[in-house]
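Architecture at a glance
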Amino acid sequence: MTTALITNDDGIDSPGLHSLARMAIEAGLDVVIAGPSEQSSGSSASILGANAHGRVPYSRRELEGFDIPVFAVDAAPALISLIAAHGAFGFVPDLVFSGVNRGANVGHAILHSGTVGAALTAGVNGARGLAVSLDVGMDPDACLWDAAAPHVSHLVPLLLEQPAGTVFNLNVPNVDAKTELREGQLAAFGIVQTLTAVGGDDDVRLEVSDTPADQEEGTDAALLRAGHATVTNITGVREASVAVLAN
């Protein structure tokens, strides 16, 4: 049976994590949940979490409605993905699902996402990854976590057909209606714009705003703004095609 680790960067108690686990179970996967014990948004592919002795603390948890192994881990999601690849939770996952994140992860700014970082870490360690995010905007009335379900169901068999190391990045509108899934290129920046303002002699204040409306047509950000779910096949670190030194 195909095994899947479910993790996230919003923490073990996030309803988005629980929703994604249910989607994986409904897709017929053998599922284990291992999420950060605390909020880890913006952690990228950080492997922070090991203590001075190289140990990563975790505890068993019970989640209502789940009869599967559940772990709360004192680590960033990418470290959870990494130690899972080495059998930390009793198996080596074929798939790592990360999310459902509270907020979209689009454009080149996915570099900073803990959600995406966990999926990419899975990819560079021989598994296949799926990062799932919900475009809730800055101040949502509600988060419709299950909006991603039909798209996850559609993408799982496609992902399994791809070579090991493949990672899909899925973003879904926060709407209670059927949405079309479109493939998009990464936008030039992404969902999070950081504006800096000097707050004094010893700090800088960062403010977050939503994605600008003028996104290039065909990009993930533009498609999402138009009401589509969007998926992008992304890669981790690899060398560029242009030589640094001239022959």
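A brief look at the structure comes next. (Residues numbered from 1 in each chain as written. Predicted model: local features only at pLDDT ≥ 70, side-chain atom pairs only at ≥ 80, totals over all residues. Heavy atoms only, no water.)

Some points on the sheet that holds strand β7 (residues 167-173)
Strand pairing in a sheet relies on backbone hydrogen bonds. The paired strands run either parallel or antiparallel. Spatially, the nine strands line up as an open sheet ordered β3-β4-β2-β1-β5-β6-β7-β11-β8, and their pairing is mixed. Of all the strands in the sheet, just β3 (58-60) and β8 (181-183) have a single pairing partner and so form its edges. The sheet shows a mean angle of 20° between the axes of neighbouring strands, direction not considered. Each of β1 (3-7), β2 (30-36), β4 (70-73) and β5 (95-102) touches helix α2 (residues 77-85); the most contacted strand, β1, lies at about 160° to it. With respect to the sheet, helix α3 (residues 114-124) is in contact with β1, β5, β6 (128-135), β7 and β11 (229-234), its orientation differing from that of β5 by roughly 175°. (Pairing = 2+ DSSP bridges. Helix = DSSP H or I, 4+ residues; strand = E, 2+ residues; numbered from the N terminus. Axes fitted to C-alpha atoms, helices over the stretch in contact; angles between N-to-C directions. Contact = heavy atoms within 4.5 Å.)

Some details on α2
Here α2 lies mainly inside the structure; seven of its nine residues are buried. Those residues of α2 that fall on the buried side of the exposure criterion are Pro77, Ala78, Leu79, Ile80, Ser81, Ile83 and Ala84. Considering only its buried residues, α2 is in contact with β1, β2, β4, β5 and α3. With its phi angle positive at about 85°, Gly87 sits one or two positions after the end of α2. (Buried < 20%, exposed > 50% of the residue type's maximum accessible area, 1.4 Å probe, protein only.)

Points about the nonpolar core
A general tendency of soluble globular proteins is for nonpolar side chains to be buried together. Ile6, Ile33, Phe97, Leu130 and Val152 are the most contacted members of the largest nonpolar core, which has 34 residues in total. The element that contributes the greatest number of residues to this core is helix α1 (residues 15-26), accounting for five residues. Among all residues touching Val152, those that are not within four sequence positions of it are Leu20, Met23, Phe97, Leu130, Val132 and Leu170. By size, the runner-up hydrophobic cluster in this structure holds 16 residues, among which are Val56, Phe71, Ala75 and Ala127. (Core = buried A, V, L, I, M, F, W, Y, C linked by side-chain atoms within 4.5 Å.)

Function-wise, these values are silent; they only describe arrangement.
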